[in-house]
Structures are given as structure tokens and as C-alpha cells.
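Here are the chains, one letter per residue:
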Amino acid sequence: MIYADNAATTRMSDAALETFCSLQKEMWGNPSSLYAHGQRAKEVLEQAREEVAAVIGADPREIIFTAGGSEADNQAIRSAAALGKKQGKLHILSSAFEHHAVLHTLDQLKKEGFEVTLLDVHEDGLVRPEEVAAAIRDDTCLVTIMYANNEIGTIQPIAEIGAICRGKNVLFHTDAVQAVGHLPIDVHAQNIDLLSASAHKFHGPKGVGFLYARKGIRLTSLIAGGAQERGKRAGTENVPGIAAMATALKEANANLSANAAHLVQMRDRLIAGLSKIPHGALNGDAVRRLPGNVNFCFEGIEGESLLLLLDDKGIAASSGSACTSGSLDPSHVLLAIGRVHDVAHGSLRLSLGEDVTETEVDEIIAAVTDVVAYLRGFSPIWRDLMTGKKEFIL
Ligand SMILES: *Cc1c(COP(=O)(O)O)cnc(C)c1O
């Protein structure tokens, strides 16, 4: 199998798996217990906190562990909303192409009396800092803009947006689930107040993540219970999972630039190869995108059929995102960057892993080229396009 769906999840690294298994076997004590067996687990937990914090330039006390990226997004946004409400600030600014963990939390808050503005994303898949600045109001309590988009991979001008928010005294959260372990991050230099991350997107285990909250920002607890994580996240800590996340993150961070250099080469080779398919187009900016992300639309085909046929050829890819596939609605991300429904339906996301080879990239190019031609052979939309009944968009 050629696995080209690393934006959906990644395989655990050998080192992370080794940490996970050995701790699950040996270090199963409860970190809240006072005897030595529990306290050793506590030490492992606190070491993981230091390691995770160091990677993003935070203080360990600014990190709380969660059960993944969705939970961290929910908690960051709810916390900022609660703080805003106390000051009578009920406006939140975000973008139209956020992950559903953000968008659906904002939908809930709207029902609770908050007003939400979703900024348009431009055709290149980038939010404009000046538009963020213009949309911030006196009653804005939070700006939440993702670091890198999970479908089209575009990397947002986070430091610029952070500086604007700091200047206007508004909290800034970024869903950095696709960026942590893949791009260099410094929460202080980039003026990030709240940041969400998830281990399974950087070769750690699923169901583990973390939330960074700058010192002084009071978090709201989503779960009632014990006093774990300084009272901000009840529930016995997943020590093996958390430590395995730290192992994976340290590893990813140590290899960050080497991985990116290789991936950019592979990505650009893949983009060049797929660009030869007629009536197709790359989605999102060609340069300001994650090193391993390629996302195309091909006119006259249906993304789901493309995926199934690629699967037959041993290639695991995605159309839209895993969360929206299975529904007939085209991706909200592709619609947000201005693709029309018909075109958005013919999308393909290939998210490469660090160990991908040139031969594999060439195999992907050949397979996609074949499958697109094959599907167009009996597509009624393609026939209409070819006979001039319908006009090509791409
Ligand atoms: C995967 C993902 C999430 C959700 O993370 P989970 O750990 O699966 O809950 C949130 N935001 C983005 C951008 C993602 O890619």
C-alpha cells in the first residue's frame, strides 16, 4: 500500500510505539497516587509536559493534556468565550475553512448568544491579516484561525495575525493540529495565546493531544471530575499515550527541516505530474502549503469514485476530509476558496509521509492519470463538457 493520507492520521513511529508499550506494561500506576509506583508515572507525565512545551517555546505550566485535537479546540474556544462573556464581549472572529471541531463549537456558541464572523478565504487558500484587523471589533473576545488547513494544506500568516490580535488586546487561538511536528512553531514569537495539537497527526497515538494556554489565561474545564491537569481536565491521565506523544514530537522536531526538504521535493514532483492532466487544478497556494500536501480538483469526475479506484490500485488517499466523506456535500473548504459544487466534487487530497519515495510518487501520478481518464470515459458531465453543452471551468 502507498499511504498518502497522512493528514487523516499517521502511523505511530517505532520510538513512540516503544515508549507507549513499555509504559503501558511497566508504568501503569495512577499519577495521582502517593506511593512510589504512582509517583513514577507522575514523573513521566511531567517530563512529557516539559518536552512538549519546549518544542513550541512554551512553559510546561502552559500545557494541559487532552484526548486529542477536537477536545483542545473545544476547550480553547469555550475558555476564551467564557472570559469574553465576563467582560460583555460576545463577538468571535474565525474563518470559513476551519476544521469542524472549531466551526461546530462556534455554532454552539451562537446558540448561546455569541456573534460569529467567518472571514472569507481567498482563492489561494490564505486568510489576509489586514482583513482580520478590519474585522476585529470592540466586543471581539477571540480570533481563531487555523495554522495550516487540513484539506488544502495552506499555511496561514500566523505571526502577523498574532501581532494584530496582541495589538488590539484580543485573544488569539490557532488550531495547529496539522502544523505541530511539521512546521517550526514559537508561541511567544508568533503571539499565540492558545494552540491546539493532536498526537496522531505527527506519528503519535490517537486519542491524545494538548492545549497550550498562555500564562494568565484561565481555562474553562469541559469535564467535571477530579483535579487532574491543575483542575482543568478531569480524568486519570493517559500516561503511556502522553509520553508516546512527547517521544513522537521530539523525534518530529529533531527531523523537521530534513523531513520538510524531502517532502517539498516529493510534493512538487507530484504537483508537476498531476498538473499534466487536462482540466484539473491545484487547490491552494503552490508554495505556502504544508510540505506533504497535494490537493487537486479534476473536472468531470467524482472524488469518491476516484478514491475507490485508487484504493484498488493500492493507494490510500482522500477526497475532501475524512470527516465529510460519506456525505454528498462537497468540502466546505473547497467551497470557501471559491470552487463551484461540480468542481469541488472532483477533489483529491494526497498527504505524503516522510518516508515516501520518488518511485512511489511516480506510481501515484500514473495511477491518478489512468483513473481520471477512465472515469471521464463514462461521465455524463464530461460528455457535456466535451460536446460543448457545458463550459469548462478549469
Ligand atoms: C485532525 C484534526 C483535528 C482533530 O483532531 P483529533 O485529534 O482527531 O480530534 C482538528 N483540527 C485539524 C486541523 C485536524 O487536522
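Please read all numbers here as calculations on a predicted model, not as lab measurements. The residue count restarts for each chain, going from 1 along the sequence in the order it is written. Local features in this predicted model are restricted to residues whose pLDDT is 70 or higher, and side-chain atom pairs enter the listing and the counts only when it is 80 or higher, whereas totals over whole chains, interfaces and linings include all residues. Side-chain measures were taken over the full set of non-hydrogen atoms in the model, leaving aside hydrogen atoms and water.

Residue ranges for the domains originate in an automatic or database domain assignment. The domain architecture assigned to the chain consists of domain 1 (14–254) and domain 2 (256–386). A C-alpha centroid distance of 29 Å is found between domain 1 and domain 2. A simple way to read buried area is as the amount of 1.4 Å-probe accessible surface that goes missing from two parts once joined, with both sides added. Note on domain 1 versus domain 2: buried area summed over both sides is about 2200 Å², and carbon and sulfur give 56% of it. Its largest share of buried area at the contact with domain 2, domain 1 owes to H100, E151 and I152, together 32% of the area lost on that side. Here, a salt bridge means any Lys or Arg side-chain nitrogen found within 4 Å of an Asp or Glu carboxyl oxygen. Across the contact surface, domain 1 and domain 2 share zero salt bridges. Any N or O atom pair separated by 3.5 Å or less is treated as a polar contact, with the protein-specific requirement of one donor-capable and one acceptor-capable atom, and with residues adjacent in sequence counted only for side-chain atom pairs. In this structure, the connection of domain 1 to domain 2 is made through 12 residue pairs in polar contact (both at pLDDT 80 or more). Looking at the side of domain 1 that touches domain 2, the elements that each hand over two or more residues are α4 (100–111) and α7 (239–254). Tallying contributions element by element places α7 first for the side of domain 1 that touches domain 2, with three residues. Basically, the charged four are Asp, Glu, Lys and Arg, the nonpolar ten are Ala, Val, Leu, Ile, Met, Phe, Trp, Tyr, Cys and Pro, and anything else, Gly included, counts as polar. Within the side of domain 1 that touches domain 2, the residues separate by chemical class into 13 nonpolar, 14 polar and four charged. Helical segments are the DSSP runs of H or I of at least four residues, strand segments are the runs of E of at least two, and each set is numbered from the N terminus.

The next thing to look at is the pattern of salt bridges. Inspection of the entire model under this criterion finds 20 salt bridges. Across the pair R49 and E46 runs a salt bridge whose closest N-O atoms are separated by 2.8 Å. Pair noted here: R49 and E46 are both in helix α2 (residues 36–56), with a separation of three residues, about one helical turn. Burial classes: relative accessible area under 20% of the type maximum marks a residue as buried, over 50% as exposed, and values in between as partly exposed (1.4 Å probe, protein chains only). For R49, a relative accessible area of 4% corresponds to the buried category. One salt bridge in this structure joins K390 and D342, with 2.8 Å as the shortest N-O distance. Taken together, the positions of K390 in the segment after α13 (380–386) and D342 in helix α11 (residues 341–345) put the pair 48 residues apart, joining distant regions of the chain.

A few words now on the sheet that holds strand β4 (residues 115–119). We treat two strands as partners when DSSP finds at least two bridges between them. Overall, mixed pairing links the seven strands, which are arranged β2-β8-β7-β6-β5-β3-β4 in an open sheet. Edge positions in the sheet fall to β2 (63–66) and β4, since each has one partner strand and no second. Between one strand axis and the next, the sheet turns through 20 degrees on average, direction left out of account. Contact definition: two residues touch when any of their heavy atoms are within 4.5 Å. Lines fitted to C-alpha atoms define the axes here, with helix axes fitted over just the stretch in contact, and angles between the N-to-C directions of these axes take values from 0 to 180 degrees. Those strands touched by α2 are β2, β7 (194–198) and β8 (209–213), and its axis lies near 115 degrees from that of β2.

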